[in-house]
Amino acid sequence: MTPPPPHVRTVTVTVTGERSATAPLTWSQRLQWNDTEWMKPHDHHFNHVRVLDLPEGTTEAAVADAVATVTGRHEALRTRYSTDAHGTPVQVLDDTVTLPLEVHRTTGPEADPAAEGARLAEYRRATRFDLAVELPLRVALLEHQDRPARLVVVVSHVTLDHAGLLLLVQELDTLLHGRATPAELAPVTHQHLDQERAEASPRGLARSEAALAHWEEILRAAPVTLFDPPAGDPPPLDHPDRFGQVTLVSPALALATGTLATRLGTSGTTVLMAALHSALGTLTGRPGVPLRLIASNRGLPEFRDLIGIAFGSCVTLVRTAGEDFHDVVRATGSAAMRAYRRAQCDPVALAALKARVGAERGVTEIELTCGFNDLRPPRTETAATAAELLALLPRTETAWDGPKPRQEARLWYWAQDGDGADVHHALVDLWYLPRERARGLLLAVERLVVDAAVRELP
């Protein structure tokens, strides 16, 4: 890794909040805490990072004040994560904390602050958090020609999800650009401690029970195994040839997704999810393959402005064998909506349920090893002609990226916005899905969506 810009000093920022407490984790915290513990010592891959461009005239004191303001307002940023005498994780909130603000300096007057800020961000992101003793937030200031130029923010995923990170960056940016004073910021009404108490209430427990009932229905209907393992013994999980990622960049898939979504009156996310359900059914020979999904839960009023973590895990199972793809899209939309409504439950109770149903079905664990996440921003879908779509197909590109750190999933499929072409990734366990098989899966998703979009088009 390229060294970061020189670290010249550290400024101690003192932060004061309103309360201290030790409490159980929320369901969302526990989900991510479990994943982070499992990933050790590679858990730094979960860290979030953002670089803020500072306006002309920003002072070091203004940066420190903005950081102190947001850390004081939002309890997630002042929370450490420890374990009690029984080994159960707990959140430990302190009302008063100190936060180090590292100050770095660019390598010279001709240096590019954007490039050096990105290098500093990657360097700080690559360092693991020790969440039992340090805050889940790191901040570093990059000076260029003796003035603050960039602010690097690194946050542990245990304490913030993607939406929470965007809200944090937005609030910092508002303060640093002078669009609001601390007193003018909207009051914070719901935090992790409040959420933990809500989950422990009768209403919260009833919500968890409803979600668990949905999970049990899927667990009893899903195939016990998905991938037939090859002969021999697999390499260790940390072997460099065990995990990798295949990426597909396809302007045709991007346009076909919007075209089909417009025609069927659904979302592009539903179209892609349906295509993955179908492609996996064909690949595995199963009539239907369950997909694990991430639900942001940000549609709920208490979570809309939470600078914290609110996501939940849910699952869909859609029969695809012998079904028309349009029908699969419609079934997927219904299944996803039902799953998202059941995306809040106690992870400890869910683990017990999985073990119980697995034992009743004669296995240690029912294989829920495929996941999907659409990180593309909301968009207005546009339609195309068949000729336009087919003309774009030759521009499809695939690439290989590896090795990757060990994963719990056999396949994690995710999509993100690209420059005129959506970018699709398949992070795979290569023992079950070798490179060409994983590449074939991405191409199968593209082919399903493009063929369905072209059908009936002029």
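Just so we're clear, the structure is a prediction, and the values are computed from it rather than from any experiment.

K.L.:
Account for the side chain of His-424, with residues named and values stated.
P.N.:
Looking at the secondary structure, you find His-424 in strand 15 (residues 422-429). We classify His-424 as buried; its relative accessible area is 0%. One polar contact links His-424 to Tyr-413, side chain to side chain, over a distance of 2.8 Å. Excluding residues within four positions of it along the chain, His-424 makes contact with Val-246, Thr-247, Leu-248, Leu-253, Leu-272, Tyr-413, Trp-414, Ala-415 and Leu-442.

K.L.:
Give me the lowdown on the pattern of salt bridges, citing residues and values where you can.
P.N.:
Per the stated rule, a full pass over the model turns up 32 salt bridges. Linking Glu-216 and Arg-220 is a salt bridge whose minimum nitrogen-to-oxygen distance equals 3.0 Å. Of this pair, Glu-216 and Arg-220 both sit in helix 6 (residues 202-221), four residues apart, roughly one helical turn. We classify Glu-216 as partly exposed; its relative accessible area is 23%. Shared partners join several salt bridges into a network, and the residues in it are Arg-9, Glu-60, Arg-105 and Glu-143.

K.L.:
An account of empty space enclosed by the protein is requested, with residue identities and associated values reported.
P.N.:
One water molecule sets the probe size; rolling that probe over the atoms shows where empty space is left. Under the defined criterion, the tally for this structure stands at three cavities of 30 Å³ or more. Its boundaries defined by the atoms lining it, the largest cavity holds a volume of some 80 Å³. What lines the largest cavity is a set of 15 residues, among which Leu-31, Gly-312, Ala-343, Gln-344 and Cys-345 lie closest to the centre. No other element matches helix 1 (residues 27-39), which puts three residues into the lining of the largest cavity. Each residue belonging to the lining of the largest cavity can be placed in one class, and the counts come to nine nonpolar, five polar and one charged. Empty space within the second largest cavity amounts to approximately 40 Å³. As for the second largest cavity, its lining consists of Thr-36, Asp-43, Phe-46, Asn-47, Phe-129, Leu-131, Ser-156, His-157 and Val-158. Its residues placed into classes, the lining of the second largest cavity shows four nonpolar, four polar and one charged.

K.L.:
If you had to explain the sheet that holds strand 4 (residues 79-83) to someone new, which residues and values would you point to?
P.N.:
The strand order across the open sheet formed by three strands is 2-5-4, and the pairing between neighbours is antiparallel. Pairing within the sheet leaves two strands with one partner each, and these edge strands are strand 2 (21-24) and strand 4. When strand polarity is set aside, the average angle formed by the axes of neighbouring strands in this sheet is 30°. Note that strand 4 and strand 5 (residues 89-93) share five bridges and pair antiparallel. Across the sheet, Thr-79 pairs through a bridge with Leu-93, a residue of strand 5.

K.L.:
Quick rundown of helix 8 (residues 268-284)? Include the residues and the values.
P.N.:
Between its first and last C-alpha atoms helix 8 spans 24 Å; for 17 residues at 1.5 Å apiece the expected length is 24 Å, and the two agree. In terms of burial, helix 8 is a largely internal element, 14 of the 17 residues being buried. With its phi angle positive at about 75°, Gly-285 sits one or two positions after the end of helix 8.

K.L.:
A description of the state of the cysteines should follow, citing residues and the corresponding values.
P.N.:
Disulfides are covalent bonds that link the sulfur atoms of two cysteine residues. Counted by the stated rule, this structure contains zero disulfides. Here Cys-345 is not cross-linked by a disulfide; its sulfur's nearest cysteine counterpart is in Cys-314, at 9.5 Å. Owing to a relative accessible area of 8%, Cys-345 belongs among the buried residues under this scheme. Of all cysteine sulfurs, the one in Cys-314 lies closest to Cys-370, which takes part in no disulfide; the gap is 15 Å.

K.L.:
Please provide a residue-by-residue account of helix 5 (residues 192-200), values included.
P.N.:
Listed as buried for helix 5 are His-192, Leu-193, Gln-195, Glu-196 and Glu-199. Each buried residue of helix 5 sits inside an arc of 160° when the element is viewed along its axis, so together they form one side. Taken together, the buried residues of helix 5 touch strand 2, helix 1, strand 5 and helix 6.

K.L.:
Break down unusual backbone geometry for me, with residues and values.
P.N.:
The residue after Lys-40, namely Pro-41, is reached through a cis peptide bond having omega 5°. Its location among the elements puts Pro-41 in the loop between helix 1 and strand 3 (48-53). With omega at 0°, the peptide bond leading from Gly-402 into Pro-403 counts as cis. Note on placement: Pro-403 falls in the loop between strand 13 (397-401) and strand 14 (411-416). Not every positive phi belongs to a glycine, and Asp-146 is a case in point at roughly 65°. One can find Asp-146 in the loop between strand 7 (137-144) and strand 8 (147-155).

Definitions and cut-offs
Residues numbered from 1 in each chain as written. Predicted model: local features only at pLDDT ≥ 70, side-chain atom pairs only at ≥ 80, totals over all residues. Heavy atoms only, no water. Helix = DSSP H or I, 4+ residues; strand = E, 2+ residues; numbered from the N terminus. Buried < 20%, exposed > 50% of the residue type's maximum accessible area, 1.4 Å probe, protein only. Polar contact = N/O pair within 3.5 Å; in protein donor to acceptor, adjacent residues only side chain to side chain. Contact = heavy atoms within 4.5 Å. Salt bridge = Lys/Arg side-chain N within 4 Å of Asp/Glu carboxyl O. 1 Å grid on protein atoms, 1.4 Å probe; cavity = no way out; pocket = protein on both sides within 12 Å on 5 of 7 lines; lining within 4 Å. Points joined across faces, edges and corners; volume = space filled by probe spheres on them. Nonpolar A, V, L, I, M, F, W, Y, C, P; charged D, E, K, R; others polar. Pairing = 2+ DSSP bridges. Axes fitted to C-alpha atoms, helices over the stretch in contact; angles between N-to-C directions. Expected span 1.5 Å × (residues − 1). Disulfide = S-S within 2.5 Å. Arc of directions from axis to C-beta.

Everything listed is a geometric property; what it means functionally is a separate question.
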